[in-house]
Amino acid sequence: MESESLRGLLDEYAELEEQLADPAVHADQARARKLGRRYAELAPVVKTVNELEATRSDLAAARELAVEDESFAEEADRLAERVPALESRLTELLLPRDQYDGSDVVMEIKSGEGGEESALFAGDLLRMYLRFAERQGWTTEVLDATPSDLGGYKDVTVAIKSKGTDVDGVWARLKYEGGVHRVQRVPATESQGRIHTSAAGVLIYPEPEEIEVEIDPNDLRIDVFRSSGPGGQSVNTTDSAVRVTHLPTGIVVSCQNEKSQIQNRARAIQVLQARLQALAEEEAAAKAADARRSQVRTVDRSERVRTYNFPENRISDHRVNYKAYNLDQVLDGELTGVLDALRAADREERMAQAQSGA
């Protein structure tokens, strides 16, 4: 017997199928993309429901036939084993999804303890994420950056976007990356060959297609300045870069990569909206004692989520006890292993909560 909620999902899927077959819907690309993602999200549910219903029907028929012909008993046993697997699969598919799993993201990487070495490591992390995005067919845009003297970054902000209507967007894959990332290696500035430990912080938040946060213009202080490159050298002869400060929260967003001051201002406010929305959700989650993972807001080595050990070519994620000895490949953008481990751990936790009635 289908639950009312499951019946509702099946009805929604049928309705989406009709809407997506209407050429008029595709005149609005944003709407078509949104409907397409929801349709793709529900497709595995519908497929599993159909398989489960067919298997149960075949099982009943096989058991009935086995009463008169024992040759059907083996078939009945095989089908009986398949039913629990499909039921478990359906339970997993019906788990509440993160509403932003299909969203693009804005990522900030900030150097921390370790001075210039930390800034160089921040640059390594940026390259790692840019290479991973390239492997996924995503597009990236560096919105703002403060380079260090040796070619690293004191801080850098990058937007990462997917192009398709896949169920899982950038947020679904990278949402676990927030936190303190620690590196252990011999710095380029170390003359004695000693291994140093430093850290960089990663902040990541979804950039929803429909921003819900409204900003009072009176709450903003907007400053303009000249874009700068490595070592502080000016790369623009006009004051086109924009720094937006949200006075109530103290959040500061800078953007200098667009061609005009107007474009930089619009992009900075868009990023500010996404950050305020993420902040509002974090506060709501805290009040509700939600179990969502929290991101580290200070670059403190004691609160690390991951360690990159160069001498041993080892990467370790301390949240899921993941360890692998392919650090060189990871820094070249091969993040699939550690991201899959984090996703699997999250799925197992949610499954356990669902089964316990939490």
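This structure is a prediction, so every number in the text was calculated from the model and none was measured.

S.K.: How would you summarise the overall build of the chain if you had to cite specific residues and measurements?
M.R.: In terms of helices and strands, the chain carries eight helices and 11 strands. For the chain, with 358 residues in total, the buried portion stands at 41%. Considering only contacts in the chain between residues 6 or more positions apart, those separated by 24 or more positions represent 63%. Element-wise, carbon and sulfur atoms account for 47% of the exposed surface of the chain, whose accessible area totals about 19,300 Å².

S.K.: So, unusual backbone geometry: which residues are in play, and what are the values?
M.R.: The residue asparagine 313 is not glycine, and still its phi comes out positive at about 55 degrees. Structurally, asparagine 313 can be placed in the loop between strand S9 (304-309) and strand S10 (314-317). For asparagine 321, which is not glycine, the phi torsion reads 55 degrees and is therefore positive. Structurally, asparagine 321 is set in the loop between S10 and strand S11 (322-324).

S.K.: Can you break down helix H1 (residues 4-20) residue by residue, with the values?
M.R.: Over its 17 residues, H1 extends 24 Å from the first C-alpha to the last, a length consistent with the 24 Å expected when each residue adds 1.5 Å. Inspection of H1 places Leu6, Leu9, Leu10, Tyr13, Leu16, Gln19 and Leu20 among the buried residues, and these make up the whole buried set. Summarising the contacts, the buried residues of H1 are in contact with helix H2 (29-66) and helix H3 (73-93).

S.K.: Before we move on, can you summarise the sheet that holds strand S6 (residues 220-225) with the specific residues and values?
M.R.: Taken in spatial order, the three strands make up an open sheet running S6-S7-S8, and their pairing is antiparallel. Of all strands in the sheet, those bounded by a partner on one side alone are S6 and strand S8 (251-255). Between one strand axis and the next, the sheet turns through 15 degrees on average, direction left out of account. Where S6 lies against strand S7 (residues 241-246), six bridges are found, and the strand directions are antiparallel. In the strand pairing of S7, leucine 220 is matched with histidine 246.

S.K.: Report on the nonpolar core, specifying residues and quantitative values.
M.R.: Core analysis: the biggest nonpolar cluster contains 36 residues, and Ile109, Leu125, Leu174 and Tyr308 have the highest contact counts within it. Among the elements of the structure, strand S1 (104-111), helix H4 (116-136), strand S3 (153-161), helix H5 (170-174), strand S5 (196-207), S11, helix H7 (327-331) and helix H8 (336-356) are those that each provide at least two residues to this core. At eight residues, the largest contribution of residues to this core is made by H4. Aside from chain neighbours lying at most four places away, what touches leucine 125 is Ile109, His181, Ala200, Val202 and Tyr308.

S.K.: So, the environment of tyrosine 176: which residues are in play, and what are the values?
M.R.: Considering the arrangement of structural elements, one finds tyrosine 176 in the loop between H5 and strand S4 (179-185). Residues tyrosine 176 and aspartate 346, spaced 170 residues apart in sequence, show a C-alpha to C-alpha distance of 9.6 Å.

S.K.: Help me get a handle on the pattern of salt bridges, residues and values and all.
M.R.: A side chain with one charge can pair with a side chain of the opposite charge if their charged atoms come near. With the rule as written, the count across this model stands at 28 salt bridges. For aspartate 124, the salt bridge identified is with arginine 185, shortest N-O distance 2.7 Å. Of this pair, aspartate 124 sits in helix H4 while arginine 185 is found in strand S4, placing the two residues 61 residues apart along the sequence. A single network of salt bridges, built from pairs that share partners, joins Glu12, Arg38, Glu41, Arg97, Asp98, Asp101 and Lys175.

S.K.: Now, about the pairing of S3: what can you tell me, with residues and values included?
M.R.: Each regular strand shows side chains that alternate between the opposite faces of the sheet. Relative to S3, S1 runs antiparallel, the two being bridged by six bridges. Note on S3: the bridge partner recorded for valine 105 is isoleucine 160.

S.K.: Residue-level account of the packing of H2 against H3, with values.
M.R.: Direction vectors running N to C along H2 and H3 enclose 155 degrees, while the axes themselves pass 9 Å from each other. Here H3 runs roughly antiparallel to H2, going by the angle between their axes. H3 is crossed by H2, and the crossing has left-handed handedness. Partitioned by chemical class, the residues of the contact of H2 with H3 number 15 nonpolar, two polar and eight charged.

Conventions and cut-offs
Residues numbered from 1 in each chain as written. Predicted model: local features only at pLDDT ≥ 70, side-chain atom pairs only at ≥ 80, totals over all residues. Heavy atoms only, no water. Helix = DSSP H or I, 4+ residues; strand = E, 2+ residues; numbered from the N terminus. Buried < 20%, exposed > 50% of the residue type's maximum accessible area, 1.4 Å probe, protein only. Contact = heavy atoms within 4.5 Å. Areas by Shrake-Rupley, 256 points an atom, 1.4 Å probe, with all protein chains shown as cover. Expected span 1.5 Å × (residues − 1). Pairing = 2+ DSSP bridges. Axes fitted to C-alpha atoms, helices over the stretch in contact; angles between N-to-C directions. Core = buried A, V, L, I, M, F, W, Y, C linked by side-chain atoms within 4.5 Å. Salt bridge = Lys/Arg side-chain N within 4 Å of Asp/Glu carboxyl O. Parallel < 35°, antiparallel > 145°, perpendicular 65-115°, else oblique. Left-handed = near helix turned anticlockwise from the far one by under 90°. Nonpolar A, V, L, I, M, F, W, Y, C, P; charged D, E, K, R; others polar.

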